[in-house]
Amino acid sequence: MELNLNEFAKEVHANSDRHGWWETKRSYGELTALFHSELSEALEEYRAGRPNVWHAEGTNKPEGIAVELIDVAIRILDYFGAVNAHMNSAETITDLIKALPQEVRDDMIDWPFPDLVAFMHSEITHAYDDQENQEMTGHHLMVVMAIAFYWIRLQAEDPEAILIEKHEYNKTRSYKHGRSEAHTSEL
């Protein structure tokens, strides 16, 4: 049985809240910038030639290209949990991927990774532009997650396993991860 993303969004948000990331009101602009930053971190992992998933010596913190894409999904799920949004037709990773048009899935096979990241950035920008319409914002953000999950599957990795591993790691992190309030961009 696959993970229910609606329920998981509540759990992700509860963890984020426990760690102090929602102590003060967060603007949608801040959230959008954080979505973008995770994508940029995925691109940096790619440019550095790092693997999809790796662990620094002596740590249990997952790192890598796929993990940064999962961080985008975690931030989006945190947002969904915060606004109590519900993914009606896409409750699992498989549902989300199937909701992507087949032509997009077919095209993604040939996209260079930087193009994939640029497309995801574009969808996040569309979500920002449509922020007054929660349904459209949610649609764009679900597309971003679907693309991330599908790309990870194309790399013969399990997006659900990585999602759970990173969430479990996030649960062990310190309050605001030891950062001052002025530095709140880490998951």
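Above this note sits the structure.
Residues numbered from 1 in each chain as written. Predicted model: local features only at pLDDT ≥ 70, side-chain atom pairs only at ≥ 80, totals over all residues. Heavy atoms only, no water.

Draft legend 1. The overall build of the chain, seen in detail. The secondary structure content of the chain amounts to 8 helices and 2 strands. Helices and strands appear in the chain in the N-to-C order α-α-β-β-α-α-α-α-α-α. For the chain, the C-alpha radius of gyration of 15 Å lies close to 16 Å, the compact-globule estimate for 187 residues. Scored against the burial criterion, the 187 residues of the chain give a buried share of 50%. (Helix = DSSP H or I, 4+ residues; strand = E, 2+ residues; numbered from the N terminus. Rg over C-alpha atoms; globule rule 2.2 N^0.38 Å. Buried < 20%, exposed > 50% of the residue type's maximum accessible area, 1.4 Å probe, protein only.)

Draft legend 2. Highlighting the packing of aromatic side chains. The final tally for this structure, using the stated rule, is 6 aromatic pairs. Judged by centre distance (5.9 Å) and plane angle (45°), the rings of Tyr79 and Phe80 are tilted. You can call Tyr79 buried: its relative accessible area is 9%. With a relative accessible area of 3%, Phe80 lands in the buried category. Here a set of aromatic residues connected by ring pairs shows up, and it is made of Tyr28, Tyr79, Phe80 and Tyr128. One Lys or Arg, Arg26, reaches over the ring of Trp22 and ends 5.1 Å from the middle of that ring. (Phe/Tyr/Trp six-rings, centres within 6.5 Å; stacked < 30°, edge-to-face > 60°. Lys NZ or Arg CZ within 6 Å of the ring centre and 35° of its normal.)

Draft legend 3. View of the layout of surface pockets. Quantified by volume, the largest pocket comes out at close to 230 Å³. The greatest single-element share of the lining of the largest pocket, amounting to 5 residues, is contributed by helix α7 (residues 134-154). Taken together, the residues of the lining of the largest pocket break down into 4 nonpolar, 6 polar and 1 charged. Space inside the second largest pocket adds up to approximately 180 Å³. Elements supplying a minimum of two residues to the lining of the second largest pocket: α4 (93-99), α6 (113-129) and α7. In terms of residue count, α7 provides more of the lining of the second largest pocket than any other element does, 4 residues in total. (1 Å grid on protein atoms, 1.4 Å probe; cavity = no way out; pocket = protein on both sides within 12 Å on 5 of 7 lines; lining within 4 Å. Points joined across faces, edges and corners; volume = space filled by probe spheres on them. Nonpolar A, V, L, I, M, F, W, Y, C, P; charged D, E, K, R; others polar.)

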